[in-house]
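# Examining the three-dimensional arrangement
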Amino acid sequence: PILKSFFFFLSCCLYLFNFIVKCGVAFMSEIELCYRQQIKFDFILFIKRLQQEVSTRWNSSYYMLQNLLEQKRALGAYAADYELATMFTANQWGLIENMLSLLQPFEELTKEISLSSASTADVIPSVMALQRFLGKAVASDHGVKTAKSTLMEAVMRRFSEIEKEPLYTLAIILDPRTDCIQKS
């Protein structure tokens, strides 16, 4: 019974990260609308299709923005050639870059926790690292401060009791990579 709940919490942790980030990026509807209008064409720089968002996976939004930024030149050339009225402004491109910087630690953490070699002992340190990252003011916060504070509030609310969870604490104590138990 303990092992079943142990693995359940690990899966739940990934669900919580997904939920937290989806709440944090909810304000991006203006960029998504413009993006959806842009993906209607097939002109691409590296013979690559623009990735679309999948509503059930937050990191699809991350990959969509990353892909969009990679195709910035191709999108600009296409918009100029076909005289499109809807193209991203310099401010929107900056917002995309800043949003990617904000979401990058969540993407890294999601990948690490999803690995088959992932350890439950990594969850508490990872959450604490996220809290430190979100609590630090940096230049790339311009335009994404609301999203950053929403993410911080969600992390604090969803993981406020994580240090009191005995299964996570036990995992840290038993993890051979940590020095929790003094050796004689």
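What you see is a predicted model, and the numbers here were worked out from it, not measured in a lab. (Residues numbered from 1 in each chain as written. Predicted model: local features only at pLDDT ≥ 70, side-chain atom pairs only at ≥ 80, totals over all residues. Heavy atoms only, no water.)

Attention now goes to the overall build of the chain. When helices and strands are counted, the chain shows 8 helices and 0 strands. Going residue by residue from the N terminus, the α and β elements of the chain occur as α-α-α-α-α-α-α-α. For the chain, buried positions account for 39% of its 184 residues. Taking as baseline every contact in the chain between residues at least 6 positions apart, the subset at least 24 positions apart corresponds to 74%. (Helix = DSSP H or I, 4+ residues; strand = E, 2+ residues; numbered from the N terminus. Buried < 20%, exposed > 50% of the residue type's maximum accessible area, 1.4 Å probe, protein only. Contact = heavy atoms within 4.5 Å.)

Grouped together as the largest cluster of nonpolar side chains are 37 residues, with contacts concentrated most on Phe17, Phe106, Leu151 and Phe159. Those elements that provide at least two residues to this core are helix 1 (2-24), helix 3 (58-70), helix 5 (90-114), helix 6 (123-135), helix 7 (145-158) and helix 8 (166-174). In terms of residue count, the dominant contributor to this core is helix 5 (10 residues). (Core = buried A, V, L, I, M, F, W, Y, C linked by side-chain atoms within 4.5 Å.)

Here we come to the confidence of the model for the chain. When pLDDT drops low, the exact placement of atoms in the prediction is not to be read closely. Here the chain averages 77 in pLDDT, and 73% of its residues register 70 or above. At the level of individual helices and strands, the chain shows its lowest average pLDDT in helix 2 (residues 29-38), which scores 55, and its highest in helix 7, which scores 92. Every residue in residues 1-9 is under pLDDT 50, and counting partners more than four places away or in other chains gives 8 contacts. In the predicted structure, residues 39-47 sits below a pLDDT of 50 and forms 17 contacts with residues beyond four places in sequence or in another chain. (pLDDT = per-residue confidence, 0-100.)

Another aspect to go through is the packing of aromatic side chains. Taken as a whole and assessed by the stated rule, the structure comprises 2 aromatic pairs. Ring centres of Tyr62 and Tyr63 lie 5.7 Å apart, and the angle between their planes is 70°; this geometry places the pair in the edge-to-face category. (Phe/Tyr/Trp six-rings, centres within 6.5 Å; stacked < 30°, edge-to-face > 60°.)

Before going further, it helps to spend a moment on a nonpolar patch on the surface. Judged by side-chain polarity, Leu170, Ile173 and Leu174 come together as a nonpolar surface patch covering roughly 270 Å² of accessible area. Of note, Leu170 is situated in helix 8. With relative accessibility at 42%, the residue Leu170 sits in the partly exposed group. (Patch = residues over 30% accessible without salt bridge, like charges linked within 9 Å, V, L, I, M, F, W, Y side chains within 5 Å. Areas by Shrake-Rupley, 256 points an atom, 1.4 Å probe, with all protein chains shown as cover. Salt bridge = Lys/Arg side-chain N within 4 Å of Asp/Glu carboxyl O.)

Moving on, we get to the pattern of salt bridges. One pass over the structure, following the stated rule, counts 3 salt bridges. Close ionic contact of Lys111 with Glu107 constitutes a salt bridge, the shortest N to O distance being 3.7 Å. Residue Lys111 and its partner Glu107 are both found in helix 5; the two are separated by 4 residues, about one turn of the helix. Look at Glu107 and you get buried, because its relative accessible area is 4%.

What follows concerns the environment of Thr150. Inspection of the secondary structure puts Thr150 in helix 7. Measuring from C-alpha to C-alpha, the distance between Thr150 and Cys23 comes to 7.2 Å, with 127 residues separating the pair along the chain. Not counting the four nearest positions on each side in its chain, Thr150 is found in contact with Cys23 and Gly24. At 2.8 Å, the side chain of Thr150 and the backbone oxygen of Thr146 are in polar contact. (Polar contact = N/O pair within 3.5 Å; in protein donor to acceptor, adjacent residues only side chain to side chain.)

Below, the discussion takes up the environment of Ile113. Mapped onto the elements, Ile113 comes out in helix 5. Residue Ile113 is classed as buried on the basis of its relative accessible area, which comes to 8%. Counting along the chain gives 13 residues from Ile113 to Ser126, while the straight-line C-alpha distance between them is 9.3 Å.

Because an α-helix packs 3.6 residues into every turn, residues spaced three or four apart end up facing the same way. An ideal rise of 1.5 Å per residue puts 18 Å on 13 residues; helix 6 measures up with 18 Å between its terminal C-alpha atoms. When helix 6 is considered as a whole, its buried residues turn out to be Val123, Ile124, Ser126, Val127, Leu130 and Leu134. Projected down its long axis, helix 6 carries its buried residues within an arc of 165°, all on one side. Across from the buried face of helix 6, at angles greater than 90 degrees, the exposed residues are Arg132 and Gly135. (Expected span 1.5 Å × (residues − 1). Arc of directions from axis to C-beta.)

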